[in-house]
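Per-entry structural report
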Amino acid sequence: MALDQTVSRRRLLQLMGGAAAVGTLAACGGNGGGSSSGGQLKVIGAGSQEAGLRKALDDYKKANSDFDFNLSFSPADQLQTALRAQLAAGNAPDMHAVYPGNGSAMSMVQLSKANLLTDLSSQSWTQKIPEGFKGAFQQDGKTFIFSPGTSVLGAIYNKKAFASAGVEPPTTWSELLTVCDKLKKKGIVPIALGAQTPWVTQLIDYALVPGTVYAKTPDFDDKMIAGNASFGDSGWADAMDKYLELQKRGFFNDNPNGTTYEQATSMVGTGKAAMAVQVSAVLQAFRDASPSPDDLGMFPFPATDVAADNWIPGGIVVGIAVSAKSKRAEQAKKFIEYCGQPEVVSAWSQAVACVPLYSDGDAKVDPVLTSFLPYLKDNKAVPFMDQRWPNAEVQPTHFAVVQELLGGKTTVQGALKKMDEAYRKTA
Amino acid sequence: MTVTAPPVTPVRRDASKPPRRRGGGVAPPWLFAAPALVVYALVMLYPSIVGAGSAFTDWSGVGEARSFVGVDNFKQLVHDDQALGALRNTLLLTIAIVVVQNGIGLLLALGVHTNIKSRMALRVIFFAPVVVSPVMVSFLWKYVYNPAPDAGLNAALNAIGLGALRQDWLGNPSLAIWSVAFTVIWQCAGYSMVIFLAGLEGVPQELHESAMVDGAGTVARFRHITWPLLAPAVTINVMLSTVGGLTLFTQIIAMTNGGPGYATDTLSTVLYKQAFVYGKFGYSTAVALVLAIFVAAVSFIQIGYLRSRETAA
């Protein structure tokens, strides 16, 4: 067709209209959009679960030639925004990350109450969920998420840094202070703290509270729900005092409020810092930052001087759920049923350094987690505290008040008062 | 040769023909604006009205469940320490940005409005940060503000013998807000400069020349000639930086996420957190509505004052 061919006004409008129609239809039926894209199952996972979820999907696809998926991952803050906006607009992916229990705007309880998740209760694996963890998976007796297991929280430490200061992992609070003191005298930052990254702020409290609160009052969460307890009048005050004691003794890196999670991770990986209080799910990030993965170990972070009272935090890791509005819900449910097989649970757990939810025989876990297993066996593990908080406001309030404490802008009682106020707000 | 014009007879306008303007052109029918108006109504008006309605509900942002709560969300706002702190931060940031950004922008404009050889290159250099994404600039400055003594700005201060001035730029609750303000000013001063530069180009050179003949010095000429004639540029710059300051969001979220604690929260970050972190979309919309009304009110008052200043000039 000649380029200089004239086009009548009517013809031009027809062409424009046609182009617009094609564009509109393409937008509706294209494969970059919501849950109706192509023949693929659209999946958005949490970044911390990438290794396990990707392996499970790849293995399932190999065994099912008609199955295909479109997988992407989001860091925690984007799960709160992009994915939540998609849920609100009704175009969420077929399968997506959901936090276990309650306490977050993207948690299982909050989303299931809004009828946004598909009921998985009919699947056989749901019968194997240990009694103590049911609250993380179930709401009103129905199971809404799948998660491969529990992540434990403790100190990820650099073995070479410990060896150079001639110290061993401590088992009591006093021992911890002594170890930190020796590391500091050796010129090594005892504890790397990247408190500019909000979720990191909570970890030291979470590591201490099982010992200062739950070892003495195992039903503390029930008392809180009943209104018979408060953060301010509990062992939370002791935990926060200890958090500040570590800062006052100079055991953190300089300026923790201006330091990010990535910077703290790098400090431990390279041996500039000796340890960081973290969840086992991020072990891989520390290994990536270290010259050799074998340089790193992990031990339970002691909260008291009575070894028997030193319980550990162990929470169900971020799970996956099927969108209630998915057009491929059956396909997604079949995949989740596959994930529930013990061998898949085991493989996924190993890939993300967590303890499998259940197993046939002895559970296979990352060797660095072995020191945590006796606590799990003896029921001395407490789910991450936020998983039983009644609304999504307590956790971010906790982040903010810890930053204020580290910045000297509030007191322990002032911080806990704000958390109590946030707790008493309606869901 | 003489030409006789034909007699002009008034012609009654045919209603079916397009109306004619007094100036002679054809006034376009409103129908031409219809597509744009429809898109505007669908994309802007409808969501805004529906969104405003959410401010009177307890909607979580997902799901269908919502109840009408009247003005409860607005009552809560008055007693919300976090929102009130954010309002204070928003006003502080806005004042800092309006004053310093425009001050620096004016100085830069005056500097590159001279005959120095490198003025064109300098204009490009000063304007360059404006074309970079605010998120990119924020991450760049987050790197510069690294609190480690041997990194970023702290390392630079140490290298020039000012190690005593090293700071935790984003981690110190008293300093973080000013660190963010500096980043915004660094990026946007070039934008103010360009607008002032356009104003300076419009100041007649003859006025300066005659004032010089009368013995006026540089300061006197700026005060009595340049400054009054820059009034329209001042209006635009003050308006834009005020609205930008009152709605500041990107740099805060990217650099501090409102922290440490609540030290850098603004009304925009509060409404974002209420909607997406706390799951309180209704309350978040109430904050947004108040913010929109506040920005509009400030803008109207400002534009009224600045326009009267332009007229006086």
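The rules behind each value
Residues numbered from 1 in each chain as written. Chains lettered and ligands numbered in written order. Predicted model: local features only at pLDDT ≥ 70, side-chain atom pairs only at ≥ 80, totals over all residues. Heavy atoms only, no water. Pairing = 2+ DSSP bridges. Helix = DSSP H or I, 4+ residues; strand = E, 2+ residues; numbered from the N terminus. Axes fitted to C-alpha atoms, helices over the stretch in contact; angles between N-to-C directions. Contact = heavy atoms within 4.5 Å. Expected span 1.5 Å × (residues − 1). Buried < 20%, exposed > 50% of the residue type's maximum accessible area, 1.4 Å probe, protein only. UniProt positions renumbered as here; feature names shortened; annotations may be inferred. Buried area = accessible area lost by both parts, 1.4 Å probe. Salt bridge = Lys/Arg side-chain N within 4 Å of Asp/Glu carboxyl O. Polar contact = N/O pair within 3.5 Å; in protein donor to acceptor, adjacent residues only side chain to side chain. Nonpolar A, V, L, I, M, F, W, Y, C, P; charged D, E, K, R; others polar.

**Remarks on the sheet that holds strand S1 (residues 41-46) of chain A**
All names here are of chain A. Taken together, the four strands give an open sheet; going across it, the order is S2-S1-S3-S11, and neighbouring strands pair in mixed fashion. The open sheet has two edge strands, strand S2 (69-74) and strand S11 (319-322), and neither has a second partner. Sheet twist, expressed as the average angle between the axes of neighbouring strands with direction ignored, equals 25°. Pairing of S1 with S2 involves six bridges; the strand directions are parallel. The partner of Val43 across the bridge, within S2, is Leu71. Packed on one face of the sheet, helix H13 (residues 329-339) meets S1, strand S3 (95-98) and S11 and runs near 150° to S11.

**Some remarks on helix H3 (residues 76-89) of chain A**
Structural remark: α-helix, 3.6 residues per turn; residues separated by three or four positions point the same way. Taking 1.5 Å as the rise per residue, H3(A) with 14 residues should run 20 Å; its terminal C-alpha atoms sit 20 Å apart, in good agreement. When we look at burial in H3(A), the residues that qualify are Leu79(A), Gln80(A), Thr81(A), Leu83(A), Arg84(A), Gln86(A) and Leu87(A). Where H3(A) is buried, its residues meet S1, S2, S3 and helix H4 (108-113) of chain A together with helix H12 (267-276) of chain B. Looking one or two residues past H3(A), Gly90(A) carries a phi angle of roughly 80°, positive in sign.

**What to know about the UniProt feature "domain: ABC transmembrane type-1" (unreviewed entry) in chain B**
In the numbering adopted here, UniProt assigns the feature "domain: ABC transmembrane type-1" (unreviewed entry) to residues 87-302 of chain B. Secondary structure across residues 87-302 of chain B divides into 72% helix and 0% strand, with the first and last C-alpha atoms of the span separated by 19 Å.

**Looking at the UniProt feature "transmembrane region" (unreviewed entry) in chain B**
Residues and elements named next belong to chain B. Per the UniProt annotation, the sites labelled "transmembrane region" (unreviewed entry) are residues 30-49, 91-112, 124-144, 175-200, 229-254 and 281-306. For residues 30-49, the end-to-end C-alpha separation is 24 Å, with 80% helix and 0% strand making up the annotated structure. Helix and strand shares over residues 175-200 are 96% and 0% respectively, and the end C-alpha atoms of the span are 35 Å apart.

**Examining the interface of chain B and chain A**
Facing 27 residues of chain B, the contacting portion of chain A comprises 33 residues. Summing both sides of the interface, chain B and chain A together bury roughly 2300 Å²; the carbon and sulfur share of this comes to 54%. Three residues stand out in chain B for area buried against chain A, namely Val62(B), Tyr262(B) and Phe276(B), and they jointly supply 25% of the buried area on that side. Note that Glu393(A) and Lys280(B) form a salt bridge whose closest N and O atoms lie 3.0 Å from each other. In this structure, the connection of chain B to chain A is made through six residue pairs in polar contact (both at pLDDT 80 or more). Of the residues belonging to the side of chain B that touches chain A, the class tally is 12 nonpolar, 10 polar and five charged.

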